[in-house]
Each structure stands twice: as structure tokens, then as C-alpha cells.
Amino acid sequence: MKIGLISDIHANRPALAAVLADMPPVDEVVCAGDVVGYNPMPSACVERVQEVASVTVQGNHDRAVENPGRYRANQMAYAGLEYAQSELTDAQRQWLQDLPLTETFGGGDYLLVHSHPENRGEYVYPRNFPELRPQLDDYRGIVLGHTHIQHKATVDDRLIVNPGSVGQSRDGNPHAAYAVLDTETNDVELHRTHYNIDRVHHEIVVEGLPSEVGERLFEGE
Ligand SMILES: [Fe+2]
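Because the structure is a prediction, the values reported are computed rather than measured.

1. A word on the sheet that holds strand E9 (residues 176–182)
Thought 1: Spatially, the five strands line up as an open sheet ordered E3-E2-E1-E9-E10, and their pairing is mixed. Edge strands, defined here as strands with exactly one partner in the open sheet, are strand E3 (53–56) and strand E10 (187–193). Taken over all neighbouring pairs, the strand axes of this sheet differ in orientation by 25° on average, direction set aside.
Thought 2: Where strand E1 (residues 2–6) and E9 come together, four bridges link them in antiparallel fashion. The residue of E9 that forms the bridge with leucine 5 is alanine 179.

Structure (C-alpha cells):
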């Protein structure tokens, strides 16, 4: 079985469209959270993720839409959350609030979380991937997001993968990121694809969001 892995879409509809168009045929798609935040197309992204993803877990931005004030010290995050709060429908906001923090997929063989399987909000960077091994006794692997850094590792036959960020890369490569898991081999292919960053940057300016949010997309940092 082939499973498309997406994460950290962050309201970037052109990036999500590019990823779904570029993705080779898969049996299902799962999403590791942060559907909204930062960029100006939260409603369209929630709608599309609801259509394509069989399983989605809640990211910190998805959760914070109900309370953007928690991010007041981070102007880029705060502005995107306030924007999402005003643009999303009540039903979409409720859907984000009701998302689970942890799920399984692939017949229960794989864990799906946004940040860390036990310590919510913790950033698991590539160098920390081996530290997740104790949580994987009952699983063939884990998929997580949050750092926006695409990386995969195998520890004692357990797969640990961050598919990278669809809508706001921070690993030095500005292209949209995703991955495809092959459950037969328990391995993933990491993918990147172009999207129209100019268009998103333009929308950010038009909608009055901080221009740094758009500039960051070009840098991929
Ligand atoms: Fe994120």
C-alpha cells in the first residue's frame, strides 16, 4: 500500500494543489496537522484536506485558531491565526478543534502526531529522531511534522519520518514538501515540487498579513 504524507500546509492553497498534482498514485493520504496559520487561504485548505486526507491530526496552529492571543508575541503566527479565525466557517473551526492529537494509520501499524508522541509541542529535529525509538515498540513507524524540516530515518527497522512542510518550508529548500510511504517495504520517498510562491506572496500583501511571511516562503528558512 502507498500512503501520501502531508504536513504543515499552513493555509497555502497553491502549495497544497501543487503537492496533490505532483503526488504519484497513492491509496490514501494522511495529514500531520497545521492545516492553517501564517498564509491567507485557510478555508480552502481545510476544505481540500477534508476531501483528500483519510486521517488528520491537530497541529498547534489548528488548535490556536480559537485563541490567537496565545501567539501575540509572535507577530507572524498571531496575524495568521487571527486571519484564520475570521475567515473559517464555524463548522471548519469546530473541525479543527475536534481533530485528535494522535492517530494510527496503515492498519494500526503507524503512529501519526504533529509534534511529539508524548510531549505536545516539542520539536523533534532530525538529530532527535532516534530518541523516539522507545515509543515505537508497537509500531512500524511514526509520521510527524512541526519542525517543517523534511527528513527520514530508520531505527531498529522502525521508520521515523517528517514529510516536510507543504506550505512553509524551513529546511533551506523553498519548494513544497511531501512524502510517499510504501508499507510493503516500510520506506518513504521524499518529494519536493515547485509552486507559485509569487502568487502567495501577493495574496499575503493584499490581505494585510505581515510581508515577512511571504518573504520567508522564498527563502525556505
Ligand atoms: Fe507548522
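2. Here's the deal with the sheet that holds strand E5 (residues 110–113)
The pairing of strands in a sheet happens through backbone hydrogen bonds and is either parallel or antiparallel.
Thought 1: Strand order in this open sheet of five strands is E4-E5-E6-E8-E7, and the pairing throughout is mixed. On the outer flanks of this sheet lie strand E4 (102–105) and strand E7 (151–155), each paired with one strand and no other. If you compare each strand with its neighbour and ignore which way they point, the axes differ by 20° on average.

3. Digging into the nonpolar core
Across soluble globular proteins, nonpolar side chains have a tendency to be buried as a group.
Thought 1: One finds Leu5, Cys45, Leu112, Val143 and Val166 to be the most contacted residues of the largest nonpolar core, which totals 57 residues.
Thought 2: Ignoring anything within four residues of it in the chain, the contact list for leucine 112 reads Val30, Ala32, Val55, Val57, Glu103, Thr104, Phe105 and Val143.

4. Structural notes on the pairing of E3
Thought 1: Where strand E2 (residues 28–31) and E3 come together, three bridges link them in parallel fashion. For valine 30, the partnering residue across the bridge sits in E3 and is valine 55.
Thought 2: Remark: the E2/helix H2 (residues 42–52)/E3 crossover connection has right-handed handedness.

5. Brief notes about the confidence of the model for the protein
Thought 1: In this model, the protein carries a mean pLDDT of 97, and residues with pLDDT of at least 70 account for 100%.
Thought 2: The spread of mean pLDDT over the elements of the protein runs between helix H7 (residues 211–219), the lowest at 95, and E1, the highest at 99.

6. As for the packing of helix H6 (residues 197–206) against H7
Thought 1: H7 packs onto H6 with a crossing angle of 170° between their chain directions and a minimal axis gap of 8 Å. By the criterion of interaxial angle, the relationship of H6 to H7 is roughly antiparallel. Here Ile197, Val200, His201, Ile204 and Val205 of H6 lie close against H7, whose contacting residues are Ser211, Val213, Gly214, Leu217 and Phe218.

Thresholds, definitions, all that
Residues numbered from 1 in each chain as written. Predicted model: local features only at pLDDT ≥ 70, side-chain atom pairs only at ≥ 80, totals over all residues. Pairing = 2+ DSSP bridges. Helix = DSSP H or I, 4+ residues; strand = E, 2+ residues; numbered from the N terminus. Axes fitted to C-alpha atoms, helices over the stretch in contact; angles between N-to-C directions. Core = buried A, V, L, I, M, F, W, Y, C linked by C-beta atoms within 7 Å. Buried ≥ 20, exposed ≤ 12 C-beta atoms within 10 Å, placed from the backbone. Contact = placed C-beta atoms within 7 Å. Right-handed = clockwise from strand over helix to strand, strands pointing away. pLDDT = per-residue confidence, 0-100. Parallel < 35°, antiparallel > 145°, perpendicular 65-115°, else oblique.

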